[in-house]
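A structural walkthrough
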Amino acid sequence: MAFKRQKADNWQREVPGARWFKADLHIHTIDDLPGNRAKVPEGVDGRRPVSEEALRAYARKFLQAAAARDIRVLGVTPHSPHVETSDETSAVWRIVEEWNSGVDDDSKLFREKIYAVFPGFEPSLKQGKRGLHLLFLFDPEIGRESYMKAFNLAMGGVSPWRNNELQISSKSADEVFRELREFHGQECPADKDGQRPWSYITLAPHVDNEKGLLGALNAQVLKNFPHNEIRSLELGDEKLPADAVNKREWLPKAMAARRQAFFHGSDAYMVNEIGKRHTWLKLASPRIEALRQAFVANDSRIRIAYERDANGDLTEIAKSPDVTVNERPWLKSVTVTGGASFFGATGKGKPGARFDLSPDLTCIIGGSMTGKSTFLDGLRLYTEAPMPQDNGIKQQVEARSRIRFLGGSPVVRLECPGRDPTASDHERWPAVFYAQNELQRLAQEPEAVEELLARLVPAEMEGIQARQAKLIALDKELRNAAQRLAKLDEDLTDAQQAYDRTTKAAAELSAFSQAGVEKLHQASRELRRWQESADNSGELEADMDRLLKAVEAFELPVIDDRMGELLKDAIAGVRYEDLQARWNRIREHVRSARQELAAGKGEAQSIIGALETQERRVRTEVDRALAAHGLDGTRIEEFKALNRQASLLESYKANLEQVEHKLDSGQRSFDGQVAERRSIVEEQRAAFDRVIDTIHVEFEDRISARRVDDGNRRPLDHFLRDFRQKGITRWWNELDDRYRPAPRELLRHLSQDTLNEVGMSDAVQATFREQLTRTKQRHMAAIRCTDRYLLELRLDDGSHRRLDDLSGGQRVSLLLSLLLETSDERPLVIDQPEDELDNRFLFDTVLPALKRLKGRRQIIVATHNANIVVNGDADQVIQLEATANRGHVAQAGAIEDPAVRDAIVRTVDGGDEAFRLRRLKYGF
């Protein structure tokens, strides 16, 4: 009965296009019970293993064990395809049927847990001393009957087991290959499109074993064996490719010529051993053709799953290439609906466009104006990714994005598995974009080259980035420190001047004191006091004159008899005459006081005269003493001010010491940071040297790099030009770039008085020293001229040419190959790199780098170049078509899909006729 494959859509929903799977292509079954190595698992009736119930139970245990180890692709390859001689007792085929139609205990279909099951067998062929083992894997569409026929054909009628011993076929490998090809042609005729429902491939198991390809045939293998039939060679359990190649210098070249690869398989005889050794395979469909494509494109679709640990033992690689289990960012799909967008409404019943993208390499193809650039530029703007630095390219990107992609405000949805849905689109999908011609412009920027080198070697990247961040922080801190120290210089000048003034005031004050200025001031004070007393007595004299006049004019009222009678009681005992006598006495007292005051005033004037004479004498003495100290006697009036200023001497002294301490401490810190930065620069250079060495090794000197220490002199150039001194500017301009000193070197020549060694004349040296104050020297010390890194490409004639001197295509090819070699995990989006791409360099360098990225980084490329799509082994191809103002996805899938393959031929190869014509012209 023909096998009818049931669909399982979950795989493509999870990961569009080709995707990575753990594969074990060498698994035995209980069909090999006669050899005593296969075991019936617990829960399966070992007494009747051929019963339908036992076979079904075994098939379920088999598939469950594989699923538990995340083994998604199975090659079921016993030595015998049935437990007994009956085809109905085939455990292999029961596994195939259970996988295709069965449901696991958790109600999930087995085909949704296991991606592909390839029925096969491992016959022992008539070659070598003990036979040669090969693995034959088939599509399940072969059906059980044809599968059994194929096995019998391979064995040549010999029973696989006799007396529990494995038997050798009656046929050699060459005979089996020839007869299987004929059998395939008979049993599986091609349809009208040339397609066959099923196919098969051959693998070489345990090649170093005495029954393996290399062990059994030894030296004869190169001469007598039909290698082209073998797709892959199985490594021993504890071996890596380097171990198999050891002392077989011919093997890598032979395998490369035949597109063969190494793989690991478990050679399991019990279900609990399934997947104990496995290989990562990338498949786009669960068919043998996809498996063949994986082995043909083994540099991008096969990953050895093991590496050696510190003890030399094999351990699984640290990072899985399967995007569903690692955490690298990737964009799974983009949906554009509504609005007037170019992709917003593609026709009746098609409200928009959906782009399904591979986590590895997606190639977008299509004719001119089908929307390739519109899609990529639109994503760039929509996700708010950094725009091109070149204004012209930036304007083009923005125009295409706003008018065509985002026109009419369509609804755009991005599906980014495993990312925070609340984060911004660029945080969820931090893609790096390069528009048309942007790589060409980028190749002219030294900083871009350094950034690429920094990310090239994963072991160095983190340290380089950390040091770069530290250097940037130190640059900023040194600039700020130079500014702070400049302010402290000003503060020190002010504090020193203040201290000098108070010190001088104190010295003058001391001289004034020695000259008797205080005695003069005392005499002056006494004179002023008596002058003030005389002035006050004069005022009193005037007041007394006014009082005397008032008293002289005063008269008592007369008391007549009538008033006397009335007042007699009130003034009893008081006579009028007595009152009159009292007022007369008052007049006399006032006249006497006025006379005494006049006498006192005269006496005071005599004293003042004496004091004035004394003051003149003391002043004369002081003037002579001050003149002896070199001081001007006219400054005597400043004595008090000097006294006050001198009293602040200790305060000014403390302030000066504090500023000096701050300046000294700041200078030590500044010098320490300069030294620290220098040390980090040296560490950074050593790290970049290791990266450069890696480039030389990885690219076999096709690409080389070298460092120019302090090569970016622009910061120093700006600093020197700011002096605005013609002599200094002329000296700097006339120096060859190669001989222009770095800031540190220039400061060294200044301190050692060797500026003539950098070409300065005596006049320029004098000007330079005058201009380069201590503050300016610090500012120069704070400047860091960054290193420059120059890339070189080895040409066909063996010569090397700098990046700046290469053609546009060579320049972009070199930069792109390095860009792909970086350990940066951010998605990379490039629009038509072939516009400036050198095809030979593309094939020799860029495509191998592109393939090595599979499983590490998402790459999306819009291209017209067949080499990128086919030889780059695109995991997902999206073909765009368009009318005048609407674009849509015409085809999407991997190259295994016939419709996608036809789209590639039509779009980037010029169609079938152009493809056939090229083959004829080349003579292929």
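Structure's up top.
Structural notes, computed from the coordinates. All of these numbers come straight from a predicted model, not from anything done at the bench.

Considering the overall build of the protein chain
- Looking only at helices and strands, one finds 32 helices and 27 strands in the protein chain.
- Counting all 924 residues of the protein chain, 48% fall into the buried class.
- If you take every contact in the protein chain between residues at least 6 apart in sequence, the share linking residues at least 24 apart comes to 74%.
- Total accessible area on the protein chain is roughly 45300 Å²; 47% of this is exposed by carbon and sulfur atoms.

Quick notes on the packing of aromatic side chains
- Within this structure, the stated rule accounts for 27 aromatic pairs.
- Ring centres of phenylalanine 342 and phenylalanine 343 lie 5.1 Å apart, and the angle between their planes is 80°; on these two criteria the pair is classed as edge-to-face.
- With relative accessibility at 0%, the residue phenylalanine 343 sits in the buried group.
- Chaining the aromatic ring pairs together yields one cluster made of Phe3, Trp93, Phe121, Phe136, Phe138, Tyr147, Phe151, Phe177, Phe183, Trp198 and Tyr200.
- In this arrangement the basic side chain of arginine 277 is found over the ring face of tyrosine 306, its NZ or CZ atom lying 4.6 Å from the centre.

Examining the pattern of salt bridges
- Applying the stated criterion to the full structure yields 63 salt bridges.
- The partner of arginine 784 in a salt bridge is aspartate 475, and the shortest N-O contact between them spans 2.7 Å. Placement of the pair is arginine 784 in the loop between helix 27 (774–782) and strand 22 (788–794) and aspartate 475 in helix 17 (residues 458–514), with a sequence separation of 309 residues.
- Taking the shortest distance from any N to any O, the salt bridge between arginine 668 and aspartate 664 comes out at 2.1 Å. Residue arginine 668 and its partner aspartate 664 are both found in helix 22 (residues 649–698); the two are separated by 4 residues, about one turn of the helix.
- What emerges from the salt-bridge pattern is a single network uniting Lys282, Arg301, Arg328, Asp360, Lys854, Asp873, Asp875 and Glu896.

Here we look at the packing of helix 24 (residues 726–734) against helix 26 (residues 762–771)
- Where helix 24 meets helix 26, the closest approach of the two axes is 9 Å, and the angle between their N-to-C directions is 115°. With respect to their mutual orientation, helix 24 and helix 26 come out roughly perpendicular. The way helix 24 lies across helix 26 gives a crossing that is left-handed. Where helix 24 abuts helix 26, its residues Gly727, Ile728 and Trp731 lie against Val764, Thr767, Phe768 and Gln771.
- Here the residues of the contact of helix 24 with helix 26 sort into 4 nonpolar, 3 polar and no charged.

Structural notes on the sheet that holds strand 1 (residues 19–27)
- Spatial ordering of the open sheet is given by 11-10-9-6-3-2-1-12-13, a layout of 9 strands whose pairing is mixed. Since the sheet does not close on itself, it has two edges, and those belong to strand 11 (261–263) and strand 13 (302–304), each with one partner. With direction set aside, neighbouring strand axes in the sheet form an average angle of 35°.
- When strand 2 (residues 71–76) meets strand 3 (residues 116–121), the two strands line up parallel, connected through 4 bridges. Bridging from a neighbouring strand, glycine 75 pairs with phenylalanine 118 of strand 3.
- Seen against the sheet, helix 4 (residues 143–155) touches strand 3 and strand 6 (135–138) and runs at an angle of roughly 35° to strand 3.

Points about the nonpolar core
- Counting residues in hydrophobic clusters, the biggest one holds 62 residues, and the most contacted among them are Phe62, Leu63, Leu74, Val117, Leu134 and Phe138.
- Considering each element in turn, this core owes the most residues, 9 residues, to helix 2 (residues 52–68).
- Val449, Ala454, Leu819 and Ala849 belong to the second-largest nonpolar core, a separate cluster that totals 58 residues.

Focus: the pairing of strand 2
- Counting buried positions over the 6 residues of strand 2 gives 5, a clear majority of the element.
- Relative to strand 2, strand 1 is paired through 4 bridges, and the arrangement is parallel. Each residue of the ladder has a partner; that of isoleucine 27, found in strand 2, is valine 76.

Examining the side chain of asparagine 712
- Structurally, asparagine 712 is set in the loop between strand 21 (703–708) and helix 23 (714–721).
- Relative accessible area serves as the criterion here: at 14%, asparagine 712 is assigned to the buried category.
- In terms of polar contacts, asparagine 712 uses its side chain to reach the side chain of arginine 714, at 2.9 Å.
- Other than its neighbours up to four places away in sequence, asparagine 712 contacts Cys785, Thr786 and Arg788.

Structural notes on the environment of arginine 130
- One can find arginine 130 in the loop between strand 4 (124–125) and strand 5 (132–133).
- Judged by its relative accessible area of 43%, arginine 130 falls in the partly exposed class.
- Spatially, the C-alpha atom of arginine 130 lies 9.6 Å from that of glutamine 167, the residues being 37 residues apart in sequence.
- Other than its neighbours up to four places away in sequence, arginine 130 contacts Ser124, Ile168, Glu210 and Lys211.
- Among the polar contacts made by the side chain of arginine 130, one reaches the side chain of glutamate 210 at a distance of 2.3 Å.

Rules used in this analysis
Residue numbers run consecutively from 1 along every chain, following the written order of its sequence. Per-residue local features of the predicted model are confined to residues with pLDDT of at least 70, and side-chain atom pairs are confined, for both listing and counting, to 80 or more; whole-chain, interface and lining totals are unaffected and use all residues. The side-chain figures draw on all heavy atoms in the structure; neither hydrogens nor water molecules are used. Only DSSP runs of H or I reaching four residues or more are called helices, and only runs of E reaching two or more are called strands; each is numbered from the N terminus. Buried means the residue's accessible area, taken with a 1.4 Å probe over protein chains only, is under 20% of the maximum for its type, while exposed means over 50%, and partly exposed covers the values in between. Should any heavy atoms of two residues lie within 4.5 Å, those residues are considered in contact. Note on areas: these come from Shrake-Rupley sampling with a 1.4 Å probe, and a residue is covered only by the protein chains present in the view. Side-chain rings of Phe, Tyr and Trp, where Trp is taken by its six-membered ring, are said to pair if the distance between their centres is within 6.5 Å; with planes under 30 degrees apart they count as stacked, over 60 as edge-to-face, and otherwise as tilted. We count a charge as sitting over a ring when the NZ of a lysine or the CZ of an arginine lies within 6 Å of the ring centre and within 35 degrees of the ring normal. One speaks of a salt bridge when a side-chain nitrogen belonging to Lys or Arg is within 4 Å of a carboxyl oxygen belonging to Asp or Glu. Angles shown run from 0 to 180 degrees and are taken between the N-to-C directions of axes, each axis being a line fitted to C-alpha atoms and, for helices, limited to the stretch in contact. Throughout, the term roughly parallel applies to angles under 35 degrees, roughly antiparallel to angles over 145, roughly perpendicular to angles from 65 to 115, and oblique to all others. The hand of a helix crossing depends on one turn: near helix anticlockwise from the far one by less than a right angle means left-handed, and clockwise means right-handed. Only Asp, Glu, Lys and Arg are considered charged in this grouping, and only Ala, Val, Leu, Ile, Met, Phe, Trp, Tyr, Cys and Pro are considered nonpolar; every other residue, Gly among them, is considered polar. Between any two strands, pairing holds if DSSP finds at least two bridges. To qualify as a nonpolar core, a set must consist of buried Ala, Val, Leu, Ile, Met, Phe, Trp, Tyr and Cys residues joined through side-chain atoms within 4.5 Å. Definition of a polar contact: a pair of N or O atoms within 3.5 Å, with one able to donate and the other able to accept a hydrogen when the atoms are protein atoms, and with sequence-neighbouring residues admitted only if both atoms are side-chain atoms.

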